[in-house]
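Take a look at the letters that make up each chain.
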Amino acid sequence: MKKRILTGDRPTGHLHLGHYVGSLKSRVELQNDYDEFIIVADVQALTTHFNNPELINDSIYQVTMDNLAVGLDPEKVVIFQQSMVPSIHVLTMYYSMLVTVNQLQHNPTIKTEAKNYGYTEMTYGFLGYPVSQAADITFCNADLVPVGEDQIPHIEFARKIVRKFNDHYGTSIKEPEYKLSQVSRLCGLDGNAKMGKSMGNAIYLSDGPDVLWEKVRNAVTDTNRIKVAIPGNPDVCTVYQYHKAFNPEGVPEICAGCTGATMGCVACKKKLAEKMNAILEPIREKRHYYEEHKNVVRDILMAGTEKANKIGNENLREIEEKMHLHV
Ligand code: SF4
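Because the structure is predicted, anything quoted here is derived from the model rather than measured.

## Digging into a nonpolar patch on the surface
Here comes step 1: Taken together, Met93, Met97 and Tyr124 make up a surface patch of nonpolar side chains, about 410 Å² in accessible area.
Here comes step 2: In this structure, tyrosine 124 sits in helix H7 (residues 124–127).

Spelled out as structure tokens, the structure:
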């Protein structure tokens, strides 16, 4: 039996290269060895974007297309839409009985995110999203969740809920483990540690070569290097970080050219754009196919949702039996 992985995306826009490097690439590598479930977490997106349902609707397609375009095979992985899997929402409600408001209010991730979104008050849905996330992971009894270091507390929280729930009701829901990503996070083109749509510092999988070049051309470099003759410091340069991610074999040459003042920043950026385009071209081609065949994307999503529902409903039935809810 293959171990089951639960991973996914919030549909609040197109996926960018930070998603590709940090998550999508490894999803593709893992699809042969694991039973992979990819959640398009539209309910979670509503916790922060409840007033923009049109964006979420479009992004459900965009995110699904991005996943398919990078090489995820719908015959191997289950891509599904969160809102259409009722067992997740029922389980969220059951779990919520065992979580106190105080626990959620003191959750460090909730506090940080509320601050980032500028919330002075939190909605019930936003405050409770770690509970819903525990249900996302466990409705299908996932063994593993791939995470970055900053997301470990979410998994610990989910484990705590599951443990308490199993103790209370004698259920045998799996306590999920995390699978720590070994890849370092890709910074924004402006040098900001975080890449995001609202920050305008990201390259999207859907960006064409011209848009990509415009963005790379404007990327922040070593600001002291105002002319080629001045040796640069690659360690403070955003472009160099991108070379590490997309042109690893060329890194020694870039480093030598920069520190030895033999290569200018424009030439360095051109090399990077070339390497990135070579990686992105097959992705763009696939994505273009899906953009032209939205019905295929929908069918894939609905087939995955049906599979998720089958598994979720079976698990929920067992859980409810243990909870003595069936009369
Ligand atoms: S040559 Fe390349 S690595 Fe060096 S500062 Fe310019 S863009 Fe950055």
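## Topic: helix H4 (residues 86–96)
Because each turn of an α-helix spans 3.6 residues, side chains separated by three or four positions end up pointing in the same direction.
Here comes step 1: Of the residues making up H4, those classed as buried are Ser87, Ile88, Leu91, Thr92, Tyr94 and Tyr95. All buried residues of H4 fall inside an arc of 165° around its axis, so they share one side.
Here comes step 2: On the buried face of H4, the contacting elements are strand S2 (35–40), strand S3 (78–81), helix H8 (129–138), helix H9 (152–169) and helix H14 (294–322).

## So, the pattern of salt bridges
Here comes step 1: The tally for this structure, following the rule as stated, stands at 15 salt bridges.
Here comes step 2: Among the salt bridges present, the one from aspartate 9 reaches arginine 27, with a minimum N-O distance of 2.9 Å. Of this pair, aspartate 9 sits in strand S1 (residues 4–9) while arginine 27 sits in helix H1 (residues 17–30), placing them 18 residues apart in sequence.
Here comes step 3: Among the salt bridges present, the one from aspartate 150 reaches arginine 185, with a minimum N-O distance of 2.8 Å. Of this pair, aspartate 150 sits in the loop between strand S4 (144–147) and H9 while arginine 185 sits in the loop between strand S5 (177–180) and helix H10 (209–217), placing them 35 residues apart in sequence.
Here comes step 4: Each of Arg159, Arg163, Glu175 and Glu177 takes part in a single network of salt bridges with overlapping partners.

## Looking at the state of the cysteines
Here comes step 1: Within the structure shown, the criterion is met by 0 disulfides.
Here comes step 2: Between cysteine 187, a free cysteine, and cysteine 237, which holds the nearest cysteine sulfur, the sulfur-to-sulfur gap is 9.0 Å.
Here comes step 3: For cysteine 237, a relative accessible area of 11% translates into the label buried.

## Observations concerning the nonpolar core
Note on soluble globular proteins: their nonpolar side chains tend to be buried together.
Here comes step 1: Ranked by internal contacts, the top residues of the largest apolar core, which has 48 residues, are Leu17, Tyr20, Leu205, Tyr242, Phe246 and Met276.
Here comes step 2: For this core, the elements supplying multiple residues, two or more each, are H1, S2, helix H3 (53–69), H10, helix H11 (238–246), helix H12 (251–259), helix H13 (265–292) and H14.
Here comes step 3: Not counting chain neighbours up to four residues away, the residues in contact with tyrosine 242 comprise Leu186, Cys187, Gly188, Leu189, Met195, Asn201, Asn247, Leu272 and Met276.
Here comes step 4: Judged by nonpolar contacts, the second largest core, of 40 residues, contains Ile39, Ala41, Ile152 and Val162.

## A short note on the site of the ligand
Here comes step 1: The immediate surroundings of the ligand are formed by Thr221, Asp222, Arg225, Cys237, Val239, Tyr240, Cys258, Met263, Cys265 and Cys268.
Here comes step 2: Those elements giving two or more residues to the shell around the ligand turn out to be H11 and H13.
Here comes step 3: Residues belonging to the shell around the ligand are distributed by class as follows: 7 nonpolar, 1 polar and 2 charged.

Reading the values: the criteria
- Residues numbered from 1 in each chain as written.
- Predicted model: local features only at pLDDT ≥ 70, side-chain atom pairs only at ≥ 80, totals over all residues.
- Heavy atoms only, no water.
- Patch = residues over 30% accessible without salt bridge, like charges linked within 9 Å, V, L, I, M, F, W, Y side chains within 5 Å.
- Areas by Shrake-Rupley, 256 points an atom, 1.4 Å probe, with all protein chains shown as cover.
- Salt bridge = Lys/Arg side-chain N within 4 Å of Asp/Glu carboxyl O.
- Helix = DSSP H or I, 4+ residues; strand = E, 2+ residues; numbered from the N terminus.
- Buried < 20%, exposed > 50% of the residue type's maximum accessible area, 1.4 Å probe, protein only.
- Arc of directions from axis to C-beta.
- Contact = heavy atoms within 4.5 Å.
- Disulfide = S-S within 2.5 Å.
- Core = buried A, V, L, I, M, F, W, Y, C linked by side-chain atoms within 4.5 Å.
- Near = heavy atom within 4 Å.
- Nonpolar A, V, L, I, M, F, W, Y, C, P; charged D, E, K, R; others polar.

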